Amino acid sequence: MTDELTPETPGEDEQPIKQRKNGLYPGVSDELAKNMQSGWADTELRDLEPVEQAPYAARRRAALSRRFPGERLVIPAGNLKTRSNDTEYDFRAATEFVHLTGDQTDDSVLVLEPRADGEGHDATLYRLPRSDRGNGEFWLDGMGELWVGRRNSLTEAAALLGLACADVRELPDALRAASGPVRVVRGHDAGIEEALAGQVTAERDEELREYLSEARLVKDEFEIGELQKAVDSTVRGFEDVVKVLDKAEATSERYIEGTFFLRARVEGNDVGYGSICAAGPHATTLHWVRNNGQVRSGDLLLLDAGVETTSLYTADVTRTLPINGTYSDLQRKIYDAVYEAQEAGIAAVKPGAAFRDFHDAAQRVLAEKLVEWGLVEGPADRVLELGLQRRWTLHGTGHMLGLDVHDCAAARTETYVDGALEPGMVLTVEPGLYFQADDLTVPAEYRGIGVRIEDDILVTEDGNRNLSAALPRRADEVEAWMAELTGQRG
Ligand code: GLY
Ligand code: MN
Ligand code: MN
């Protein structure tokens, strides 16, 4: 027995086995090392059909190629990030990469190489191949398949994605050696950025990021189908939560978070962002994700949660529910105002409308209500002009939705916030009113109440379609739905 992991006299096709640091592995004898190199079946899968995303991704790459002729374009998936010592956070591939490849594999990089004749680009997906059994990597290296699971071979990945594939370990040197104009999507892979240092500029890379963000503004039918799946699963998650509100009362907001997550996981999915499970005054904290508070009868629960499908499209839905099944008079008054604002917002979502229209429509309703309740001096026009309603409305009324919950965030102002709505866009409409627990400008009974209602809206040829319409919104419908789910109907 020996601790030396390198065979004494490697033959021509025998490569040295990697030495694991810090003696974390027990000694490996030469005999075992040799033994592990052979005796494995050929498991290459053949005749694979391309994944559903493949033709859509190909069209997106073709459009990208037309936008940047003659330039090398580098789009990394990103790397694993250390969570603790030698464990990693769950990997989530970069949105730009997913959109252009349909792939989600860590450490991969898409490269569009301009063709020598100046006509378009050749696309190559650089990725880790299967582990080499000849050098022990598959069982002695932490990234070996025996530890992390089987990867697709380069041939398999090429068939699945409809893309040429190559070994990613060859890419940094190839990039360093290359010449000609190049752009990279920054922020995902420091090693690739380092290899391109001196060849790229921040300004030109930002143009690439903007383009890729804007390319996602209008969704194709595959994306709309995935978003509908995400929303449908989210609806089931909300139903699950309503059914266990009594148990949540005995524990905390954590029970609600876990219940929603369980629905996502059992259906093979994940959540697209940290679920906001905000009971009582926590509802006034916009991104309450600590989820460690009490759930009390008589309070409201603001649940903002979205399932993310295996293709990484996410829903983003909010309902504000009476924990005991019935809104109090004041809760209902505030809820109805937010509902009315949302109705006005949704009505303003149609092709050709300015993106800002639905926000303005919702804010007007809320400003009028705040004046009517005597919380701010009117008229509503004055309130809106000075923005005084924002003390209680706090945030914009919605955003694009897709692979990112706040999708298309790098799009230019003129194409997004100052742009017009087009069929195929999907956005949230999510007005809210939030009275902080320590807000001395409102009567005491308002304090600690927060209400948001959020739906996912597809712009259609003649108006819009609410993808989350299966979840009741009107106060009396919410109460009836909760009673039905908890068996207290009538
Ligand atoms: N869930 C975050 C948002 O509604 O924008
Ligand atoms: Mn939300
Ligand atoms: Mn949202």
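An unreviewed UniProt entry annotates the protein as Xaa-Pro aminopeptidase originating from Streptomyces paromomycinus. Per UniProt, the comment on the protein under Catalytic activity (unreviewed entry) is "Release of any N-terminal amino acid, including proline, that is linked to proline, even from a dipeptide or tripeptide." In its Cofactor (unreviewed entry) section, the UniProt entry covering the protein states "Mn(2+)".

### Observations regarding the coordination of the manganese ion (ligand 3)
Asp316 (OD), His399 (NE2), Glu430 (OE) and Glu454 (OE) make up the full set of protein donors to the manganese ion (ligand 3), lying at 2.1 to 2.2 Å. The coordination sphere of the manganese ion (ligand 3) comprises six donor atoms, whose angles at the metal cover 52 to 157°; the geometry is irregular. Here the donor residues for the manganese ion (ligand 3) map to a single chain with the spacing D-x82-H-x30-E-x23-E. In this structure, the manganese ion (ligand 3) lies 3.3 Å from the manganese ion (ligand 2), and both are coordinated by Asp316. Taken together, the residues span a long stretch of sequence, with Asp316 in the loop between β11 (307-308) and β12 (317-322) and Glu454 in the loop between β15 (449-452) and β16 (455-460) at a distance of 138 residues. Glu454 shares its class with Asp316; the two are buried.

### Let's talk about the pairing of β16
One face of the sheet, then the other: side chains in a regular strand alternate in exactly this way. Most of β16 is tucked away: six of the six residues are buried. In β16, alternate side chains face the same way, and those of Asp455, Ile457 and Val459 on one face and Asp456, Leu458 and Thr460 on the other are all buried. As paired strands, strand β13 (residues 426-429) and β16 are joined by four bridges and run antiparallel to one another. The partner of Thr428 across the bridge, within β16, is Asp456. Here four bridges tie β16 to strand β17 (residues 463-466), and the two strands are oriented antiparallel to one another. Bridge pairing links Val459 to Asn464 in β17. Where β16 folds back onto β17 in an antiparallel hairpin, the turn is made up of two residues.

### Digging into the packing of helix α10 (residues 221-243) against helix α17 (residues 475-485)
As a packed pair, α10 and α17 sit with axes 9 Å apart at the nearest point and diverge in direction by 70°. Judged by the angle between their axes, α10 and α17 are roughly perpendicular. With respect to the hand of their crossing, α10 and α17 are arranged in right-handed fashion. Between α10, through Phe238, Glu239, Val242 and Lys243, and α17, the contact on the second element is made entirely by Trp481, Met482 and Leu485. Per-class residue counts for the contact of α10 with α17 are five nonpolar, no polar and two charged.

### Some details on helix α14 (residues 357-372)
For α14, with 16 residues, the first-to-last C-alpha span of 23 Å sits near the 22 Å given by 1.5 Å per residue. Tucked into the core, α14 has its buried residues touching α13 (329-347), α15 (380-386), α16 (390-393), β13 and β14 (432-435).

### Section: the sheet that holds β12
The antiparallel open sheet is built from three strands, whose spatial order is β9-β10-β12. Every interior strand has two partners, whereas the edge strands, β9 (276-279) and β12, have only one. Within this sheet the neighbouring strands show an average axis-to-axis angle of 10°, counted without direction. With six bridges connecting them, strand β10 (residues 300-305) and β12 associate as antiparallel partners.

What counts, and where the lines are drawn
Every chain begins its residue count from 1, and numbering advances along the sequence as written. Labels are handed out in written order, letters beginning with A for the chains and numbers beginning with 1 for the ligands. For a predicted model such as this one, the threshold for reporting local features is a pLDDT of at least 70, and the threshold for listing and counting side-chain atom pairs is 80 or more; totals across whole chains, interfaces and linings nevertheless cover every residue. The basis for every side-chain value is the complete set of non-hydrogen atoms in the structure, without hydrogens or water. UniProt positions are given in the numbering used here, feature names are shortened, and annotations may be inferred rather than shown by experiment. Here the coordinating atoms are restricted to nitrogen, oxygen and sulfur within 2.8 Å of the metal centre, or 3.2 Å for Na, K and Ca, and because water is not among them the sites may look incomplete. Every angle between 85 and 135 degrees makes a four-donor site tetrahedral, while opposite donors more than 155 degrees apart, with all other angles between 65 and 115, make a four-donor site square planar and a six-donor site octahedral; other sites are irregular. Comment: elements are numbered from the N terminus, with helices defined as DSSP H or I runs of at least four residues and strands as E runs of at least two. Each residue is placed in one exposure class: buried if its accessible area under a 1.4 Å probe, protein chains only, is under 20% of its type's maximum, exposed if it is over 50%, and partly exposed if it falls in between. Two strands form a pair only when DSSP identifies at least two bridges running between them. Note on method: axes are straight lines fitted to C-alpha atoms, helices fitted across the in-contact stretch only, with angles between N-to-C directions ranging 0 to 180 degrees. Every angle not falling under 35 degrees, over 145, or within 65 to 115 is termed oblique; those three ranges are roughly parallel, roughly antiparallel and roughly perpendicular. The handedness criterion is simple: a crossing whose near helix is rotated anticlockwise from the far helix by less than a right angle is left-handed, and one whose near helix is rotated clockwise is right-handed. Working rule for contacts: check all heavy atoms of both residues, and any pair within 4.5 Å makes them a contact. Residues are grouped as follows: Ala, Val, Leu, Ile, Met, Phe, Trp, Tyr, Cys and Pro are nonpolar; Asp, Glu, Lys and Arg are charged; every other residue, Gly included, is polar. In a helix, the anticipated span is given by 1.5 Å times the number of residues less one.

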